[in-house]
Amino acid sequence: MAVNEHQKKQKEYEQYVKSITPTHSLPANMAKAFLTGGLICVAGQWILNTAKNLGADAETAGNWCSLILIFLSVLLTGLNIYSKIGKFGGAGGLVPITGFANSVAASAIEFHSEGQVFGIGCKIFTIAGPVILYGILSSWGIGIIYYILKLLEVTV
């Protein structure tokens, strides 16, 4: 009898979990991510083209594009709009440079109540720290490989 009751409770629990678990459509999520990331990239391309049309060289235009996209991302994060964009677009809103800026700004905003040093100063590197660490580590490793290949005269 106890085994039957246990199995019945187990099935009831499984049905309960199934009823409250949200379902996701992979094609719809992919379309939303593509649309969101695409719109961010279109905005970036528009900024880049506008800067070039105003007389900036390619490097300066790229710098302005990055600067403006980061500024807009941080501004939208502060206004609690970027989180809605990220929720809708998933990875499309998180992959570009704007997603990284959002992550850093959100960490700083979330821990603002802990003070300037321990709140904002430390928690801002919760996201940025690993990116900086692995960026430096991977570039160092690639540099070593390049150096070895150059010594072996495999590359110019």
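So, how was this worked out
Residues numbered from 1 in each chain as written. Predicted model: local features only at pLDDT ≥ 70, side-chain atom pairs only at ≥ 80, totals over all residues. Heavy atoms only, no water. Helix = DSSP H or I, 4+ residues; strand = E, 2+ residues; numbered from the N terminus. Expected span 1.5 Å × (residues − 1). Buried < 20%, exposed > 50% of the residue type's maximum accessible area, 1.4 Å probe, protein only. Contact = heavy atoms within 4.5 Å. Axes fitted to C-alpha atoms, helices over the stretch in contact; angles between N-to-C directions. Parallel < 35°, antiparallel > 145°, perpendicular 65-115°, else oblique. Left-handed = near helix turned anticlockwise from the far one by under 90°. Nonpolar A, V, L, I, M, F, W, Y, C, P; charged D, E, K, R; others polar. Disulfide = S-S within 2.5 Å. Polar contact = N/O pair within 3.5 Å; in protein donor to acceptor, adjacent residues only side chain to side chain. Patch = residues over 30% accessible without salt bridge, like charges linked within 9 Å, V, L, I, M, F, W, Y side chains within 5 Å. Areas by Shrake-Rupley, 256 points an atom, 1.4 Å probe, with all protein chains shown as cover. Salt bridge = Lys/Arg side-chain N within 4 Å of Asp/Glu carboxyl O.

**Describing helix α2 (residues 26-53)**
With 28 residues, α2 ought to run about 40 Å at 1.5 Å a step, and its terminal C-alpha atoms sit 40 Å apart, in line with that. Within α2, the full set of buried residues consists of A33, T36, G37, I40, G44, I47, L48 and A51. Here the buried face of α2 lies against α3 (58-78), α4 (82-89), α5 (91-94) and α6 (97-110). Trailing α2 by a residue or two, G55 shows a phi angle of about 105°, which is positive.

**Examining the packing of α3 against α6**
At a minimum axis distance of 8 Å, the contact between α3 and α6 shows a crossing angle of 40°. Taken together, the axes of α3 and α6 are oblique relative to one another. Crossing geometry of α3 relative to α6 is assigned as right-handed. Contacts between α3 and α6 involve S66, L69, I70, S73, V74, T77 and G78 on the former and, on the latter, I97, T98, A101, N102, A105, A106 and I109. Taken together, the residues that form the contact of α3 with α6 break down as 8 nonpolar, 6 polar and no charged.

**Let's talk about the environment of F71**
As for its position among the elements, F71 is in helix α3. By relative accessible area, F71 is classed as exposed at 53%. Residues F71 and N102, 31 residues apart in the sequence, show an inter-C-alpha distance of 9.7 Å.

**Side note on the state of the cysteines**
Applying the stated criterion across every chain yields a total of 0 disulfides. For C41, which is in no disulfide, the shortest distance to another cysteine sulfur is to C65 and amounts to 9.2 Å. Residue classification places C65 among the buried residues on the basis of a relative accessible area of 10%.

**Observations concerning the side chain of T98**
Within the secondary structure layout, T98 lies in helix α6. Among the polar contacts listed, one links the side chain of T98 to the side chain of Y82, at a separation of 2.8 Å. Once residues lying within four places of it in the same chain are set aside, the contact partners of T98 are I40, L69, S73, Y82 and G93.

**Let's talk about the packing of α2 against α3**
The packing of two helices is summarised by the inter-axis angle and the distance between the axes. Between α2 and α3, the shortest axis-to-axis distance is 8 Å and the interhelical angle comes to 135°. For the element pair α2 / α3, the angle class is oblique. The chirality of how α2 crosses α3 is right-handed. In contact with I40, G44, I47, L48, A51 and K52 of α2, α3 contributes A58, A61, G62, W64, C65, I68 and L69. Classifying every residue of the contact of α2 with α3 by side-chain character gives 10 nonpolar, 2 polar and 1 charged.

**Describing a nonpolar patch on the surface**
A surface patch of nonpolar side chains, amounting to about 1,300 Å² of accessible area, comprises L133, Y134, L137, W140, I144, I145, Y147, I148, L149, L151, L152 and V154. Tracing the chain through its elements places L137 in helix α8 (residues 125-151).

**What to know about unusual backbone geometry**
Positive phi, close to 60°, is recorded for N80, a residue that is not glycine. Here N80 shows up in the loop between α3 and α4. If you check the backbone angles, E153 has positive phi at about 60° while not being a glycine. Within the element layout of this structure, E153 appears in the segment after α8. Looking at E153, the relative accessible area reads 71%, which means it is exposed.

Read these as layout, nothing more, since geometry by itself doesn't imply function.
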